[in-house]
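Architecture and fold: a report
Okay, here's what each chain looks like letter by letter:
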Amino acid sequence: MKQQICILGSTGSIGTQALDVIESHSDRYEVYALTANNRVELLAEQAHKFHPAAVVIANEQHYDRLKELLADEPDIKIYAGKQALDEIVEADPIDMVLTAMVGFAGLPPTIRAIKAHKKICLANKETLVVAGELICQLAIENHAPIIPVDSEHSAIFQSLVGEGDNEIEKILLTASGGPFRTFTHEQMEHVKAKDALRHPTWDMGAKITIDSATMMNKGFEVIEAKWLFDVPADKIQVLVHPQSIVHSAVQFRDGAVKAQLGIPDMHLPILYAFSFPERLTLSQPRLDLFKTPLEFFEPDLQRFRCLQLAFDAIHKGGNVPCVLNAANEIVNRAFLEDRCGFHEMSDIIARTMQRVAFIKNPTYEDYLATDAEARKVAGEYVSQASM
Ligand code: NDP
Ligand code: MG
């Protein structure tokens, strides 16, 4: 029996690479459902190629166009809207859900998938940033495994295979440092979205590429690691490693450090999330260690203030990481559209974190309300931004 996969966000960077992986292992995996937000033509193209049982377009305005494009595929069920997206993950035949949507929008369908006891291949890190505690609790209650897709977390996960109950002494979380790694604070003042979108080692969607330039992405990954591996933040060390070859490592109580290395390419962590504990063939280029010197530096929390804000959010806990995420989504979009400057992003996030009321033990409804409030507050600050 082939494993049935639902891809949330199939038209994105992770989604399309996941389809490459499925295509090259079509004896094992089959696409059950594909979803997108706006890129309706690409979604239809994917549906023609992979013949899923269902497709969902989150933005309802594209429903008619999608129906038109798939008029020759009567067996494919076509849905539109957020509700349909949240529901599709529950379909009985689905074995695995790859969460490759961007941002807070990934939270509701991930919760539905966990409650439906699906295996979660988690790329959408914002889910754990916003509601890590709730997600982990639900995953345990519903016996839904969560396998990381994020390259660093996949590396940590791979390093932990065979370690049983051996305690983690420290996680070494690597970061490329992004395109502004060597820039001064003053130089960063003048950078624009087009500069931030030129990532030195990874080819990813726009939102995460901007998050990498501010290093908020690494802050999110510290939070993600804390929840996935049940390790406090003070045992997670961020190392700037410009070559992105050591994808992360784990240090144990005897001093041993285990890492996973490879070229910067998401096909491997996607495939590993699907096939774990097995390893399947992947014919991407191989790592040549003669070619690349490996360097490691301490991150500069003053120049990359977003990383510091993420650590602050972890220490405060409660709904603060949710505020951090929502404010970041607003400023990230504003920076992408040249509506706010580079340093204004961290300023606005910091001010939003101070303004939104603290909730110590948030419920799901509290997260929804916090997200809405933080977006509103950050949006006000963006409209007053200097650019
Ligand atoms: P992309 O922007 O490339 O793709 C996002 C996908 O999600 C698209 O299919 C998009 O649809 C869909 N989508 C976006 N917003 C919504 C919404 N509100 N409702 C429904 N669907 C939506 O992102 P990436 O693939 O780069 O990233 C996906 C996730 O994986 C993120 O959480 C990111 O942090 C994480 N990740 C990504 C990595 C990478 O290498 N790209 C590495 C590690 C983690 P449409 O195309 O129609 O807009
Ligand atoms: Mg990563």
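Reading the values: rules and limits
- Residues numbered from 1 in each chain as written.
- Chains lettered and ligands numbered in written order.
- Predicted model: local features only at pLDDT ≥ 70, side-chain atom pairs only at ≥ 80, totals over all residues.
- Heavy atoms only, no water.
- Helix = DSSP H or I, 4+ residues; strand = E, 2+ residues; numbered from the N terminus.
- Rg over C-alpha atoms; globule rule 2.2 N^0.38 Å.
- Buried < 20%, exposed > 50% of the residue type's maximum accessible area, 1.4 Å probe, protein only.
- Contact = heavy atoms within 4.5 Å.
- Areas by Shrake-Rupley, 256 points an atom, 1.4 Å probe, with all protein chains shown as cover.
- Lys, Arg positive; Asp, Glu negative; His and termini not counted.
- Charge placed at Lys NZ, Arg CZ, Asp CG, Glu CD.
- Pairing = 2+ DSSP bridges.
- Axes fitted to C-alpha atoms, helices over the stretch in contact; angles between N-to-C directions.
- Donors = N, O, S within 2.8 Å, 3.2 Å for Na, K, Ca; no water.
- Left-handed = near helix turned anticlockwise from the far one by under 90°.
- Nonpolar A, V, L, I, M, F, W, Y, C, P; charged D, E, K, R; others polar.
- Near = heavy atom within 4 Å.
- Polar contact = N/O pair within 3.5 Å; in protein donor to acceptor, adjacent residues only side chain to side chain.
- Domains from an automatic or database assignment.
- Salt bridge = Lys/Arg side-chain N within 4 Å of Asp/Glu carboxyl O.

Turning next to the overall build of the chain. Across its full length, the chain carries 16 helices and 11 strands. Rg of the C-alpha trace for the chain: 20 Å, near the compact-globule value of 21 Å for 387 residues, within the 12% margin. Over its C-alpha atoms, taken along the principal directions, the chain stretches across nearly 55 × 50 × 40 Å. Taken over 387 residues, the chain has a buried fraction of 57%. Expressed as a percentage of contacts within the chain between residues at least 6 apart in sequence, the contacts between residues at least 24 apart total 69%. Of the roughly 17200 Å² that the chain leaves accessible, carbon and sulfur atoms contribute 50%. Averaging the coordinates of the 37 positive side-chain charges in the chain and doing the same for the 53 negative ones gives two points 2 Å apart.

So, on to the side chain of Glu152. Locating Glu152 in the fold gives a position in helix H7 (residues 151–160). Contacts of Glu152, omitting those with residues within four sequence positions, involve Leu173, Thr174, Lys218, Glu221, His247 and Ser248.

Pairing is mixed across the open sheet formed by four strands, whose spatial order is E9-E8-E10-E11. Two strands lie at the open edges of the sheet, namely strand E9 (236–240) and strand E11 (257–261), each paired on one side alone. Across the sheet, the axes of successive neighbouring strands diverge by a mean angle of 20°, strand direction being ignored. With five bridges connecting them, strand E8 (residues 168–175) and E9 associate as parallel partners. Bridging from a neighbouring strand, Thr174 pairs with Leu239 of E9. In the packing of H7 onto the sheet, contacts are made with E8, strand E10 (246–252) and E11, and the angle to E10 comes to roughly 40°. Packed on one face of the sheet, helix H11 (residues 216–229) meets E8 and E9 and runs near 150° to E8.

So, on to the coordination of the magnesium ion (ligand 2). Distances from the magnesium ion (ligand 2) to its protein donors, Asp150 (OD), Glu152 (OE) and Glu221 (OE), fall at 2.1 to 2.2 Å. In the primary structure, the donors to the magnesium ion (ligand 2) are separated according to the pattern D-x1-E-x68-E. Taken together, the residues span a long stretch of sequence, with Asp150 in the loop between strand E7 (146–148) and H7 and Glu221 in helix H11 at a distance of 71 residues. Residue Glu221 is classed as buried on the basis of its relative accessible area of 1%.

Taken in spatial order, the seven strands of this open sheet run E4-E3-E2-E1-E5-E6-E7, and their pairing is parallel. Both edges of this open sheet fall to strand E4 (77–80) and E7, since each of them pairs with a single strand only. Each strand axis lies, on average, 20° off the axis of its neighbour in the sheet, ignoring direction. Pairing geometry for strand E3 (residues 54–57) and E4, over four bridges, is parallel.

With that settled, the discussion passes to the packing of helix H1 (residues 13–24) against helix H12 (residues 267–275). Between H1 and H12, the least distance of the axes is 9 Å, while the angle of their chain directions is 65°. The way H1 lies across H12 gives a crossing that is right-handed. Only His267, Ile270, Leu271 and Phe274 of H12 make contact with H1, whose side of the interface consists of Ile14, Gln17, Ala18, Asp20, Val21 and Ile22. For the contact of H1 with H12, the class distribution of residues is seven nonpolar, two polar and one charged.

We now examine the site of ligand 1. Not every one of the 25 residues close to ligand 1 is listed here, only the nearest: Thr11, Ser13, Asn38, Arg39 and Glu126. Interatomic distance of 2.6 Å between a side-chain N/O atom of Thr11 and an oxygen atom of ligand 1. Contact between ligand 1 and Arg39: an oxygen atom at 2.5 Å from a side-chain N or O atom of the residue. Its free accessible area being 890 Å², ligand 1 has 88% of it covered by the protein chains. Both domains that furnish three or more residues to the shell around ligand 1 are identified here as domain 1 (3–148) and domain 2 (153–264 + 282–385).

Our focus in this paragraph is the domain arrangement of the chain. Much of the literature gives interface size as the accessible area that the parts lose upon coming together. If you check the domain split of the chain, you get domain 1 (3–148) and domain 2 (153–264 + 282–385). The interface formed by domain 1 and domain 2 includes two salt bridges. Our enumeration of links across domain 1 and domain 2 arrives at four residue pairs in polar contact (both at pLDDT 80 or more). If you list the elements that add at least two residues to the side of domain 1 that touches domain 2, you get helix H5 (107–115), helix H6 (126–141) and E7. Ranked by residue count, the leading element in the side of domain 1 that touches domain 2 is H6, at nine residues. In terms of residue class, the side of domain 1 that touches domain 2 is built from 15 nonpolar, three polar and three charged.

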